[in-house]
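Observations on the model geometry
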Amino acid sequence: GPGKCPVKRDQPHKLESSTSSQMSALHRSVLLQCYVELKSSVNVEDHVLDYLYSNFVISKSLRDRIRSDCTTAESKAGMLLDELPSCGASAFREFVDALIASKTSVHQKLAKKLMDMAKNST
């Protein structure tokens, strides 16, 4: 099915977190369906990166790499979205929580949309 996308495994770094589990196919497909909208609307510097880092979803090296390698808000969001599926089974929920925690209305709307989509596709 559509959940069988090949995931690139060329990053040498492994996450420092103990979760080896992968994001579910459902959550992956929801992120992909919203990819363009998330990439253009999410400001990862508004709470999101630090929230994910402090909750052990992303490593310090990934957080720093997003900050140093990407110059625009859109490229930062894109890089985070590309990495999220390999950040463990709870990465989707934590990402939604991070959007909610940032208090921005755009982020709130996106969080609600992601949750609705994840609920309705089961």
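Refer to the structure printed above.
Let me begin by describing the structure that accompanies this report. (Residues numbered from 1 in each chain as written. Predicted model: local features only at pLDDT ≥ 70, side-chain atom pairs only at ≥ 80, totals over all residues. Heavy atoms only, no water.)

1. A few points about the overall build of the chain
The condition is simple: Segments assigned H or I by DSSP are reported as helices when at least four residues long, segments assigned E as strands when at least two residues long, and all are numbered from the N terminus. Think of it in three bands: residues with accessible area under 20% of the maximum for their type are buried, residues over 50% are exposed, and the middle band is partly exposed, with areas taken using a 1.4 Å probe on protein chains only. Should any heavy atoms of two residues lie within 4.5 Å, those residues are considered in contact.
Secondary structure summary: the chain contains seven helices and zero strands in total. The helix and strand sequence of the chain, counted from the amino end, reads α-α-α-α-α-α-α. Put simply, the chain has 122 residues, and 39% of those count as buried. Long-range pairs, those at least 24 residues apart, make up 70% of the contacts in the chain with a sequence separation of at least 6.

2. Looking at helix 4 (residues 60-69)
Definition in use: The directions from the helix axis to the C-beta atoms form the arc being described.
Listing the buried residues of helix 4 in full gives L62, R63 and I66. Viewed along the axis of helix 4, the buried residues span an arc of 105°, placing them on a single side of the element. Exposed residues lying more than 90 degrees from the buried face of helix 4 are S68 and D69. Buried-residue contacts for helix 4 involve helix 3 (44-54) and helix 5 (73-83).

3. Quick notes on the pattern of salt bridges
Side chains that differ in charge, positive against negative, can pair when their charged atoms come close. Selection criterion: What counts as a salt bridge is simple: a side-chain nitrogen of Lys or Arg found within 4 Å of a carboxyl oxygen of Asp or Glu.
As enumerated under the stated definition, the model contains ten salt bridges in all. The partner of E37 in a salt bridge is K113, and the shortest N-O contact between them spans 2.5 Å. Placement of the pair is E37 in helix 2 (residues 35-41) and K113 in helix 7 (residues 105-120), with a sequence separation of 76 residues. The exposure class assigned to E37 is partly exposed, which follows from its relative accessible area of 33%. One salt bridge in this structure joins D116 and K119, with 3.7 Å as the shortest N-O distance. Taken as a pair, D116 and K119 lie in helix 7 at a separation of three residues, close to a single helical turn.

4. Details of helix 3
Filter applied, for reference: Between N or O atoms, a polar contact is any pair within 3.5 Å; within protein, one atom must be a potential hydrogen donor and the other a potential acceptor, and residues adjacent in sequence are included only when both atoms are from side chains.
Every buried residue of helix 3 is accounted for by V44, V48, L49, Y51 and L52. Across the axial projection of helix 3, the buried residues extend over an arc of 165°, all falling on one side. Summarising the contacts, the buried residues of helix 3 are in contact with helix 4, helix 5, helix 6 (91-101) and helix 7. Here helix 3 starts with a cap whose side-chain oxygen sits 3.1 Å from the backbone nitrogen of E45, and that cap is N43.

5. Concerning the environment of F95
Within the secondary structure, F95 is located in helix 6. Residue F95 is classed as buried on the basis of its relative accessible area, which comes to 1%. Linking F95 and V48, residues 47 residues apart in sequence, is a C-alpha distance of 7.3 Å.

6. Focus on the nonpolar core
Going by this rule: To form a nonpolar core, buried Ala, Val, Leu, Ile, Met, Phe, Trp, Tyr and Cys residues must be joined to one another through side-chain atoms within 4.5 Å.
Counting residues in each nonpolar core, the largest one holds 33 residues, and the members touching the most others are L80, F95 and L114. Put simply, the parts of the chain that give this core at least two residues each are helix 1 (25-33), helix 3, helix 4, helix 5, helix 6 and helix 7. The biggest single contributor to this core is helix 6, with six residues.

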